[in-house]
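# Architecture and fold: a report
These are the residues of each chain, in order.
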Amino acid sequence: SKWGTPAHLMENASKLKIESLGDDEKKAVESLRAAVGKAGYEDVPDIFLLRFLENKAYDATAAFEKLTVFLKWYEENKVGELTMENEPKEQTITKKCIPFSVTHGCDKEGRPIYYERTGKIRCDLLHANISKEDFERCHVWGIQQMMAKAEKSTQDLKKPVTQFVTVMDLEGFNLQQRVGFPYLVATLACDDKYYPNFMGKVYVLNAGWLFPMFWQLVKPYLPSFVSDHIELIGDAKAELPQYISKESLPKMYGGDAADIPILDASDLKSASANSYQGEELEETNIAAGDKMEICIEADNGAGRFGWYFISEGDYDVGFSVKVEEKGGGEKAEVEVRKYEKLITDQGSYTSKGPCKVTLTWDNSYSLFTSKTIKFVASVAEVSDVEGKTDG
């Protein structure tokens, strides 16, 4: 199926779930199935219908709006191909930057567990080595695998398991990790838009004195199906065994399973590197209250533009990329990167014809702090290509 494997589509879980529904809810499922069929989407898996119906209290009309957005995204990004064997190549980077595990098993309700040593995430290396877009695809790959594990639990327990559990360990969390905030926001937005209600529980360990600050920063971006299921754990070794059996619980939390390792990341590019993909980085300082613009042009034909920058000292700076297409005798402006406060970014754009690209670093919002950035921006002229953003 173009939608994925039976395991990733949770065929048994969705079948059992539908059998347990009341008459009105079953009618809503059939109504939504008919509506997406008329919209041109054939053989839509039951789990997709159920996911958005549950999110909208079985209001088929409201669910249709969110589901069609999801189906378009799912097809365009070939999410159905993200099987365990078809892991994004960038996942190697993610594993070295984020100590996590999806192989420890399930909680006592049969829900698969995602363990993450959040306080040990190397946010500086994450930013220096992987784009937000590639990171989000790795995140989606991970959710797809959790869905397959939930289907396995369904088969074992003979009851529908459609959610997973997250254990977040904040030990070691510090202010420097705010560099990872844009990545967190991107994954939360992805979950809210495409995977509502999939999070069953979030256990937060070792919250520490910085947690209230972290919570105030993150809370506005949390979907209610996440925020409503967060539980702070004071003593992990005493409390977690109430919810997770010892064979699925790492030794560091009072169980018998292997601990979550921190992998060697010495081969990744340092945030303080002086080159990017073989090109030497330029360094400049942007004064408080000031901004810097760089314009690059492809005058004779289509151009493929690329950029990378990183701000030193974990300070963010406003960044945007605009392209003025000049082909066909008409000028059209394309906003390739919408303005956002970032610590690092990388991406590329292929124009339709002659054009001008403007990269802007904006520090006008800073009253006292200047920002030092290292960057590279380049263009190679090409022909017969379609304009697109490669991220």
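We now turn to the structure provided with this report. Quick caveat: nothing in here was measured; it's all calculated off a predicted structure.

## A closer look at the pairing of strand β9 (residues 291–298)
- By the alternation rule, side chains of β9 split into M292, I294, I296 and A298, which are all buried, and K291, E293, C295 and E297, of which none is buried.
- Pairing analysis gives eight bridges linking β9 to strand β14 (residues 355–362), with the strands arranged antiparallel. Its bridge partner being in β14, K291 is matched across the sheet by D362.

## Quick look at the environment of D345
- Inspection of the secondary structure assignment puts D345 in strand β13 (residues 344–350).
- Of the residues examined, D345 reaches a relative accessible area of 7% and is grouped as buried.
- Taking C-alpha positions, D345 is 24 Å from R117, a pair spaced 228 residues apart along the chain.
- Not counting residues within four places of it along the chain, the set of residues in contact with D345 comprises W307, Y308, F309, F319 and R337.
- Looking at D345, its side chain comes within polar contact range of the side chain of R337, at 2.9 Å.

## Considering the sheet that holds β9
- Across the sheet, four strands lie side by side as β9-β14-β11-β12; this open sheet has antiparallel pairing. Each edge of the open sheet is held by one strand with a lone partner, namely β9 and β12 (332–342). Taken over all neighbouring pairs, the strand axes of this sheet differ in orientation by 10° on average, direction set aside.

## Here's the deal with the packing of helix α1 (residues 11–19) against helix α7 (residues 132–157)
- Their axes nearest at 7 Å, the elements α1 and α7 cross at an angle of 60°. Of the possible angle classes, the one that applies to α1 and α7 is oblique. Taking contact as the criterion, the partners of E11, N12, A13 and L16 in α1 are, on α7, E151, T154 and Q155.

## Points about unusual backbone geometry
- Unlike most non-glycine residues, M10 shows phi in positive territory, near 50°.
- Here M10 is to be found in the segment before α1.
- The residue Y58 is not glycine, and still its phi comes out positive at about 60°.
- With respect to the helices and strands, the residue Y58 is situated in the loop between α3 (46–55) and α4 (60–76).

## Re empty space enclosed by the protein
- Across all of its chains, the model carries two cavities of 30 Å³ or more by this definition.
- When its volume is computed, the largest cavity comes out at roughly 110 Å³.
- Lining the largest cavity are M10, K17, I47, L50, R51, E54, M147, T162, P196, N197 and F198.
- It is α3 that provides the largest number of residues to the lining of the largest cavity, a total of four residues.
- A class-by-class count of the residues in the lining of the largest cavity yields six nonpolar, two polar and three charged.

What counts, and where the lines are drawn
- Residues numbered from 1 in each chain as written.
- Predicted model: local features only at pLDDT ≥ 70, side-chain atom pairs only at ≥ 80, totals over all residues.
- Heavy atoms only, no water.
- Buried < 20%, exposed > 50% of the residue type's maximum accessible area, 1.4 Å probe, protein only.
- Helix = DSSP H or I, 4+ residues; strand = E, 2+ residues; numbered from the N terminus.
- Pairing = 2+ DSSP bridges.
- Contact = heavy atoms within 4.5 Å.
- Polar contact = N/O pair within 3.5 Å; in protein donor to acceptor, adjacent residues only side chain to side chain.
- Axes fitted to C-alpha atoms, helices over the stretch in contact; angles between N-to-C directions.
- Parallel < 35°, antiparallel > 145°, perpendicular 65-115°, else oblique.
- 1 Å grid on protein atoms, 1.4 Å probe; cavity = no way out; pocket = protein on both sides within 12 Å on 5 of 7 lines; lining within 4 Å.
- Points joined across faces, edges and corners; volume = space filled by probe spheres on them.
- Nonpolar A, V, L, I, M, F, W, Y, C, P; charged D, E, K, R; others polar.

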